[in-house]
Structures are given as C-alpha cells and as structure tokens.
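Residue-level listing of the chains:
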Amino acid sequence: FKVQSTLNQGVFMEANADAALVMDELAGVKKTLDAATAQVNTYKRYQQLFDLEQGAFDNLKMATKEFDTKYESWNGLRQWQISSQHFLSAPCLDLVLTEINNTVDDTNTD
C-alpha cells in the first residue's frame, strides 16, 4: 500500500521537521486512508452480498496502524510546542502557579 511507504520517508522521518507542517501532511494522508477505508467497506458489502469470502485487507490495517503511530508522535510534539510557546510568552499575571505546580506533580507521578 503506497500510503504506508509514504509514512516511512520524507518529512515524516525527519527529526527536525516542523511539527505543524508534518501535521498538515498527516491530514492529507488521513483523507487518503479514510477514502480507502470507505472503498474497502463498500467492497466488503459486495463480497457479503454475493456470499464471497471477505478479504482481510491487511495492507490497509498496517497503513492505518503506521498512521496512528506517526500521528500520535507528531501530534504530541506539536501540542508540546504550542504549550511551551504559550508558557514562555504568556505574561506572568496570567500564570496560575498552583495549576502549574499540580501539572508538574501529576506529570512526575505518571
């Protein structure tokens, strides 16, 4: 499946890539996967209608799993960048120190 190989090259594999750019690219991949999933579901309904053995479509499952892994990693990085940018640029009056302390405590106990 072409999508899976796409996820293992280029911007998705560059450690220093801009997370916002990667998230935009992943949105395009998600559209492709959603379209392929819809086609597979339609095909499976036809197979069921004509009493044919339903295919496993393992390539789509593997590509979806690869996408989920990439999305989780890059989205986590992007959320961290957004949070740290806000934290570093927010006026001190807007900071709630008890909330920050609780978040740090919660993170350290996990």
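Structure's up top.
Thresholds applied
Per chain, residue numbering runs from 1 following the sequence as it is written. With the structure being a predicted model, the display of local features is reserved for residues of pLDDT at least 70 and the display and counting of side-chain atom pairs for 80 or more, all residues being used for whole-chain, interface and lining totals. Neither water nor hydrogens contribute to the side-chain values; these are computed over all heavy atoms in the structure. Helix numbering and strand numbering both begin at the N terminus, where a helix is a DSSP run of H or I of at least 4 residues and a strand a DSSP run of E of at least 2. Just to be clear, the radius of gyration here is over C-alpha atoms, and the globule rule we use is 2.2 Å times residues to the power 0.38. Only protein chains enter the accessibility calculation, which uses a 1.4 Å probe; a residue whose area is less than 20% of its type maximum is buried, one above 50% is exposed, and one in between is partly exposed. Contacts are residue-level and defined by heavy atoms, with any inter-residue pair within 4.5 Å sufficient. Within this scheme the basic residues Lys and Arg register as positive and the acidic residues Asp and Glu register as negative, but His and the chain ends are omitted. Charge placement uses NZ in Lys and CZ in Arg. For Asp and Glu, CG and CD serve respectively. Whether two aromatic rings pair depends on their centres lying within 6.5 Å, for rings of Phe, Tyr and Trp, where Trp uses its six-membered ring; planes under 30 degrees apart make the pair stacked, over 60 edge-to-face, and the rest tilted. Buried Ala, Val, Leu, Ile, Met, Phe, Trp, Tyr and Cys residues form a nonpolar core when they are joined through side-chain atoms within 4.5 Å. The patch calculation keeps residues exceeding 30% relative accessible area without a salt bridge and links them within 9 Å when they carry like charges or within 5 Å when they are nonpolar (Val, Leu, Ile, Met, Phe, Trp, Tyr). Accessible surface area values rest on a Shrake-Rupley calculation with a 1.4 Å probe, where residue burial reflects the displayed protein chains alone. The rule for a salt bridge is simple: a side-chain nitrogen of Lys or Arg has to be within 4 Å of a carboxyl oxygen of Asp or Glu.

Just checking my understanding: could you explain the overall build of the chain for this structure?
Helix and strand counts for the chain stand at 4 helices and 0 strands. What you see for the chain is a C-alpha radius of gyration of 20 Å, clearly larger than the 13 Å of a compact globule of 110 residues, by over 25%. Looking at the 110 residues of the chain, the share that counts as buried comes to 19%. Residue pairs in contact within the chain that sit at least 24 positions apart in sequence constitute 64% of those at least 6 positions apart. Of note, the chain has its 9 positive side-chain charges centred 11 Å away from the centre of its 16 negative side-chain charges.

How should the packing of aromatic side chains be read in this particular structure?
Note on aromatic pairs: each is described by the distance of the centres and the angle between the planes. Under the defined criterion, the tally for this structure stands at 2 aromatic pairs. A ring pair is formed by Tyr 43 and Phe 57, whose centres lie 6.0 Å apart and whose planes are at 90°; its orientation type is edge-to-face. Taken as a pair, Tyr 43 in helix H2 (residues 19-49) and Phe 57 in the loop between H2 and helix H3 (58-89) lie far apart in primary sequence, 14 residues in all. Residue Tyr 43 is classed as partly exposed on the basis of its relative accessible area, which comes to 45%. Take Phe 57: its relative accessible area is 27%, and that puts it in the partly exposed class.

Please explain the nonpolar core as it appears in this structure.
Across soluble globular proteins, you tend to see nonpolar side chains buried next to one another. Ranked by size, the top nonpolar core spans 17 residues in total, and within it Leu 7, Phe 12, Val 22, Leu 26, Val 29, Leu 33 and Trp 74 carry the most contacts. Among the elements of the structure, H2 and H3 are those that each provide at least two residues to this core. Residue contributions to this core peak at 8 residues, all from H2. In contact with Val 22, other than residues within four places in its own chain, are Val 11, Phe 12, Ala 17 and Trp 74.

Mind showing me how you'd approach unusual backbone geometry here?
Trans peptide bonds make up the majority, and among non-glycine residues the majority have a negative phi. In this model, Asp 51 sits at a positive phi of 55°, which is unusual for a non-glycine residue. Here Asp 51 shows up in the loop between H2 and H3. In this structure, Phe 57 is a non-glycine residue whose phi angle is positive, near 50°.

Sorry if this is basic, but what is going on with the environment of Ala 36 here?
Here Ala 36 lies in helix H2. Residue Ala 36 is classed as buried on the basis of its relative accessible area of 12%. The spacing of Ala 36 and Leu 60 is 24 residues in sequence and 7.7 Å in space, taken between C-alpha atoms. The contact partners of Ala 36, leaving out residues within four places of it in the chain, are Phe 1 and Leu 60.

Explain a nonpolar patch on the surface here, please?
Judged by side-chain polarity, Tyr 46, Leu 49, Phe 50 and Leu 52 come together as a nonpolar surface patch covering roughly 490 Å² of accessible area. Within the fold, Tyr 46 resides in helix H2.

Distances and angles like these do not, on their own, reveal function.
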